[in-house]
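If you want the building blocks of each chain, they are given just below.
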Number of protein chains: 2
Amino acid sequence: MGDNGHGGGPERLVVIGGDAAGMSAASQARRMRGPADLSIVAFERGNFTSYSACGIPYWVGGDVPERDDLIARTPQEHAARGIELRLRTEVTEIDPDGRRVLARDADSGSEYWTAYDKLVIATGARPVRPALPGVDAPGVHGVQTLDDGQALLDSLALAHSRRAVVVGAGYIGVEMAEALIKHGFTVTVVNRGPEPMATLDPDMGRLVRRAMEGLGITMVNNAEVVEIRTAADGRARAVATSTDEFPADVVILGIGVRPDTGLAESAGLPLGAHGGLLTDLAMRVRGRRDIWAGGDCVEVLNLVSGQEQHVPLGTHANKHGQIIGSNIGGGYAVFPGVVGTAVSKVCDLEIARTGLRQKDADRVGLRYETVTIESTSRAGYYPGAAPMTVKMLAERRTGRLLGVQIVGGEGAAKRVDTAAVALTARMTVEQITALDLGYAPPFSPVWDPILVAARKAATRVSPAGPR
Amino acid sequence: MGDNGHGGGPERLVVIGGDAAGMSAASQARRMRGPADLSIVAFERGNFTSYSACGIPYWVGGDVPERDDLIARTPQEHAARGIELRLRTEVTEIDPDGRRVLARDADSGSEYWTAYDKLVIATGARPVRPALPGVDAPGVHGVQTLDDGQALLDSLALAHSRRAVVVGAGYIGVEMAEALIKHGFTVTVVNRGPEPMATLDPDMGRLVRRAMEGLGITMVNNAEVVEIRTAADGRARAVATSTDEFPADVVILGIGVRPDTGLAESAGLPLGAHGGLLTDLAMRVRGRRDIWAGGDCVEVLNLVSGQEQHVPLGTHANKHGQIIGSNIGGGYAVFPGVVGTAVSKVCDLEIARTGLRQKDADRVGLRYETVTIESTSRAGYYPGAAPMTVKMLAERRTGRLLGVQIVGGEGAAKRVDTAAVALTARMTVEQITALDLGYAPPFSPVWDPILVAARKAATRVSPAGPR
């Protein structure tokens, strides 16, 4: 059964994955080409579409009151614009030579082929679920999808006591730890690395740990989880490391995510070193004229390191979708790459990074100087001035900016954008010292913290300075 | 009398003007050269030094509790570092050929010559005082210096009733209007232009007017002040325009400032079209080897318009001082120019601009497209998301960014820094659409407002779009 062919009607665009990248691509293609010219079918294996996955920790934590607040557009809204969305329908096979996909309806179990002229793969990422005993027990949760978030909230309601363990201390782990504190849980975060937020260098991650500890979160660093122990009813009851056991009614896996590219791999499509699909600048899968890919299932070029990496962020997914949709729609757009910008928030602490950490720079063969400065978000005398620590990496000899990390109070995080643009423009720290940034006492000291760091870095890399 | 010569001792640096530019220059030179190598004398005609003039409205308004909070460094602190500061001492003549300056002590009235090897002119700016009847009456105030601020506070305490008129609606006028509201005054702002904040295009200035009116400030636009009327005791009692009279116990002149360069002009130093000193990239006065100038008394190159302009802002003054001090200290530093960034705050409204307004672009012969978009400071579903309006100018055909104006709630103003860096790097709006800016729900919608504006602008300037 199924519609495995089509006649002289409109071209057919098939989208696999109904979240940010997929539905942005569908929407943009639709904006540029009407239904008589292009039919659009999107398959989504979950129950939801077009939602903000990045908002899940805030919904679980109660800052965002309703699940539906996270949904940008409903299936009905997509349908009204001529985009057919098939929820609870998983694509199980791509046949690139036959230009068709095999899909299974989760409710009926029926499978059918659908032909495409153009295909968008936006299968996203899956949380890493390490092969640990007990990892599949009830009470163990990822927080990647709205379905995951709902399952977690249900589990929180069921929990016998109020103890939670978060495995992993990346930004999802840290955000979830805070969300669970808000639910009245006692929270322990078990982390493989020396400090939380491995997206920062450890000296900056230490500042995050202190803030977490200030919230009452127990941080266990340098610890390897070996087992999730279960109770007689089969539910998770504790997380065991090689040396300790931490009781847990709820376990959150925040170890990170991997591109969900099993389907693409089976179809013989090219994957990179991090398991993500490889595309060209127009977001076309390399070597394929009629297949595009975007969002958390692809690798992107880091413009600073010169290497591909996996950066699962909604902002990139939306850009990818926009670019894919434009290209399918008959326009022209490219995604030049990323510089590695990320911002997050733990309680009142704002955390930001862009470019390379020390270990990234080491890995790609760059030599650099680092400086760290303390400043404030506003003029020191202005009410509400919050402390801020800025770390900056600059290439030796050339003085080119390589990376910035910021940890501080309100107003800290978005300052990283200045550095992100400077990285994109390949500016030197000397050039950054001269930037005309906004100054008024409610917004910045007379020397913006980014300028203060750049001045110090410029002294460090200048020919007259120490080498 | 006086020390009009010096022997084989250290070189002597003389600084005229003891605020941001002058004292930054002195401090940086001192950092690089000890007292045995360089003696430093700074003359300041006022009673204060090294203070944040930009903080005066916040001190007058009560946000900053103490005057001394605005003082970064006292004369005693300067003295401890080997910088001799002569307060209440006005330089009345520069003799460039004789390499000496004539100074008058305000208390004793005595005058004396001081020789220099290197001279820094940092005489700042003076508020424009139009030649109106009554402009010198008691109760009429500028707010350029700490002395001005103190005189105003004294005047507020004396006022018979609580009515104030602010003449001019630039950022100082607008900030002062808000400060006077906090003192319980009824405030009228009389403005020559069509909307307040002429640093914005009028369509954006309108948003500021609405916020001011929301605070209870009466905005009178398109009005020319013809007289400040005085009472029998000689104090100001009303501001008259050609058609109306506005009662006032206190009048604030917020018409803007002009470079204070009478001294430099008398000495034959080169001034530009806006009355500011002209310097080279190292902040040396053009044609002079031993005289530098910086801060509010110089003109700076606008990198977008390609023309000199007068931009009296503390952030530039500090940079100039730093650069002058480095060069005098034996280092090397240059000031490449500005892009015209400014941020300010009226109540909860944040206001920012960078680059060119429409009239600036018209004046220098640029053709452009403009777009205006509405967005929010955070993800729409995240608590505290504030509305934000972004206007963007992009050059026709090339798509190069020319300017950005932002008016919005908390988190709006410093977003202008992204555009300031992009302007410095001469990016196109198409390039800006691809920038890797920080995204997380507490900090930004998934498309940062700057990206949203750039996308719309890119469509407008692209070859496929309307021309």
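Thresholds, definitions, all that
Residues numbered from 1 in each chain as written. Chains lettered and ligands numbered in written order. Predicted model: local features only at pLDDT ≥ 70, side-chain atom pairs only at ≥ 80, totals over all residues. Helix = DSSP H or I, 4+ residues; strand = E, 2+ residues; numbered from the N terminus. Rg over C-alpha atoms; globule rule 2.2 N^0.38 Å. Buried ≥ 20, exposed ≤ 12 C-beta atoms within 10 Å, placed from the backbone. Contact = placed C-beta atoms within 7 Å. Pairing = 2+ DSSP bridges. Nonpolar A, V, L, I, M, F, W, Y, C, P; charged D, E, K, R; others polar. Domains from an automatic or database assignment. Axes fitted to C-alpha atoms, helices over the stretch in contact; angles between N-to-C directions. Parallel < 35°, antiparallel > 145°, perpendicular 65-115°, else oblique. Left-handed = near helix turned anticlockwise from the far one by under 90°. Least-squares fit on C-alpha atoms with pLDDT ≥ 70 in both.

Q: Would you take a moment to explain the overall build of chain A for this structure?
A: Counting its regular elements, chain A contains 12 helices and 26 strands. Computed over the C-alpha atoms, the radius of gyration of chain A is 24 Å, within 12% of the 23 Å expected from 2.2 N^0.38 for a compact globule of 467 residues. A principal-axis box enclosing the C-alpha atoms of chain A has dimensions of 70 × 60 × 40 Å. Here chain A holds 467 residues, and 57% of them are scored as buried. For chain A, long-range pairs separated by at least 24 residues make up 65% of all intrachain contacts whose partners lie at least 6 apart in sequence.

Q: Can you walk me through the pairing of strand E14 (residues 225-230) of chain B in this structure?
A: Along any regular strand, the residues point their side chains to alternate faces of the sheet. Residues and elements named next belong to chain B. Sheet topology note: the E14/strand E15 (residues 236-241) ladder contains 5 bridges and is antiparallel. Within the sheet, the bridge partner assigned to Val225 lies in E15 and is Thr241. Following E14, the chain reverses through 5 residues before pairing antiparallel with E15; Gly234 in that reversal takes a positive phi of roughly 90°.

Q: What's the story with the interface of chain A and chain B in this structure? I'm lost.
A: Interface size is often expressed as the accessible area that is lost when the parts come together. Listed per partner, the contact involves 50 residues of chain A and 50 residues of chain B. At the level of elements, helix H8 (314-328), strand E22 (342-346) and helix H10 (416-424) of chain A are the ones that each hand at least two residues to the side of chain A that touches chain B. Ranked by residue count, the leading element in the side of chain A that touches chain B is H10 of chain A, at 7 residues. Here the side of chain A that touches chain B is built from residues that sort into 33 nonpolar, 10 polar and 7 charged.

Q: Any chance you could explain the domain arrangement of chain A here in plain terms?
A: Residue and element names in this part refer to chain A. Parsing chain A into structural domains produces domain 1 (2-126 + 258-328), domain 2 (129-255) and domain 3 (342-459). With centres defined by C-alpha atoms, the gap from domain 1 to domain 2 works out at 30 Å. Domain 1 puts 15 residues into the contact, and the matching count from domain 2 is 15 residues. Mapped by element, the contributors of at least two residues to the side of domain 1 that touches domain 2 are helix H2 (56-61) and strand E9 (125-127). The leading source of residues in the side of domain 1 that touches domain 2 is H2, at 5 residues. The residue inventory of the side of domain 1 that touches domain 2, partitioned by class, reads 9 nonpolar, 4 polar and 2 charged.

Q: Please explain helix H10 (residues 416-424) of chain B as it appears in this structure.
A: Residue pairs three or four apart in sequence face the same way in an α-helix, which turns once every 3.6 residues. Along H10 of chain B, 9 of the 9 residues are buried, which leaves the element largely enclosed by surrounding structure. Among the residues of H10 of chain B, those classed as buried are Val416, Asp417, Thr418, Ala419, Ala420, Val421, Ala422, Leu423 and Thr424 of chain B. Buried positions along H10 of chain B lie against H10 of chain A together with strand E22 (342-346), strand E23 (349-355), strand E26 (401-408), helix H11 (429-433) and helix H12 (449-461) of chain B. Residue Arg426 of chain B follows H10 of chain B closely and has a positive phi angle near 55°.

Q: Teacher, can you tell me more about the packing of H10 of chain A against H10 of chain B here?
A: Packed helices, taken two at a time, are described by their axes: the angle between them and the distance between them. Where H10 of chain A contacts H10 of chain B, the axes come no closer than 8 Å and their chain directions differ by 20°. With respect to H10 of chain B, the element H10 of chain A is oriented roughly parallel. Where H10 of chain A crosses over H10 of chain B, the two elements pack in a sense that is right-handed. Contacts between H10 of chain A and H10 of chain B involve Asp417, Thr418, Val421 and Ala422 of chain A from the first element and Asp417, Thr418, Val421 and Ala422 of chain B from the second.

Q: Help me understand the relation of the copies chain A and chain B in this model?
A: To go from the first copy of the chain to the second, apply a rotation about an axis and then a shift along the same axis. After a rotation of 180° and a shift along the axis of 0.0 Å, chain A superposes on chain B with an RMSD of 0.0 Å. This pairing of chains is accounted for by a two-fold axis. Among all residues of chain A, the one whose C-alpha sits closest to the rotation axis is Thr418 of chain A, at a distance of 2.7 Å. Counting the interface residues of chain A, we find that 98% of their copies in chain B are interface residues as well, pointing to one common contact surface.

Q: I'm lost on the packing of helix H1 (residues 20-32) of chain A against H8 of chain A in this one. Help?
A: Residues and elements named next belong to chain A. Where H1 meets H8, the axes come as close as 7 Å, and the angle between the chain directions of the two elements is 30°. In terms of their interaxial angle, H1 and H8 are classed as roughly parallel. As for the relative orientation of H1 and H8, their crossing is right-handed in sense. Residues Ala20, Ala21, Gly22, Met23, Ser24, Ala25, Ala26, Ser27, Gln28, Ala29 and Met32 of H1 form the contact with H8, whose own contacting residues are Gly314, Ala317, Asn318, His320, Gly321, Gln322, Ile324, Gly325, Ser326 and Ile328. Across the contact of H1 with H8, the residue classes break down as 10 nonpolar, 11 polar and no charged.

Q: Quick question: what am I supposed to make of the environment of Gln322 of chain B here?
A: All names here are of chain B. Summarising the element assignment, Gln322 is placed in helix H8 (residues 314-328). Residue classification places Gln322 among the buried residues on the basis of 24 C-beta atoms within 10 Å. C-alpha of Gln322 to C-alpha of Glu410: the two residues are 88 residues apart in sequence and 31 Å apart in space. Leaving out residues up to four positions away in the same chain, Gln322 has contacts with Ser24 and Gln28.

Q: Explain the sheet that holds strand E19 (residues 291-293) of chain A here, please?
A: All names here are of chain A. The strand order across the open sheet formed by 5 strands is E4-E3-E2-E8-E19, and the pairing between neighbours is parallel. Among the strands making up the open sheet, the edge pair consists of strand E4 (83-86) and E19. Taking each pair of neighbouring strands and ignoring which way they run, the sheet shows an average axis angle of 20°. Inspection of the sheet shows strand E2 (residues 11-16) paired to strand E3 (residues 38-43) by 6 bridges, in the parallel sense. Bridging across to E3, Val15 finds its partner in Ala42.

Q: Honestly, the sheet that holds strand E24 (residues 368-376) of chain B in this entry has me stumped. Any pointers?
A: Hydrogen bonds along the backbone pair up the strands of a sheet, which may run parallel or antiparallel. All names here are of chain B. Spatially, 5 strands are ordered E22-E23-E26-E25-E24 in an open sheet, and the strand pairing comes out antiparallel. The open sheet has two edge strands, E22 and E24, and neither has a second partner. Direction aside, the axes of adjacent strands within the sheet are offset by 15° on average. Here E22 runs beside E23; their pairing, made up of 5 bridges, is antiparallel. Note that in E23 the partner of Val346 across the bridge is Leu349. Here helix H6 (residues 202-214) sits on the sheet and contacts E22, E23, strand E25 (387-395) and E26; the angle it forms with E26, its principal contact strand, is near 15°. Those strands touched by H12 are E24 and E25, and its axis lies near 150° from that of E24.

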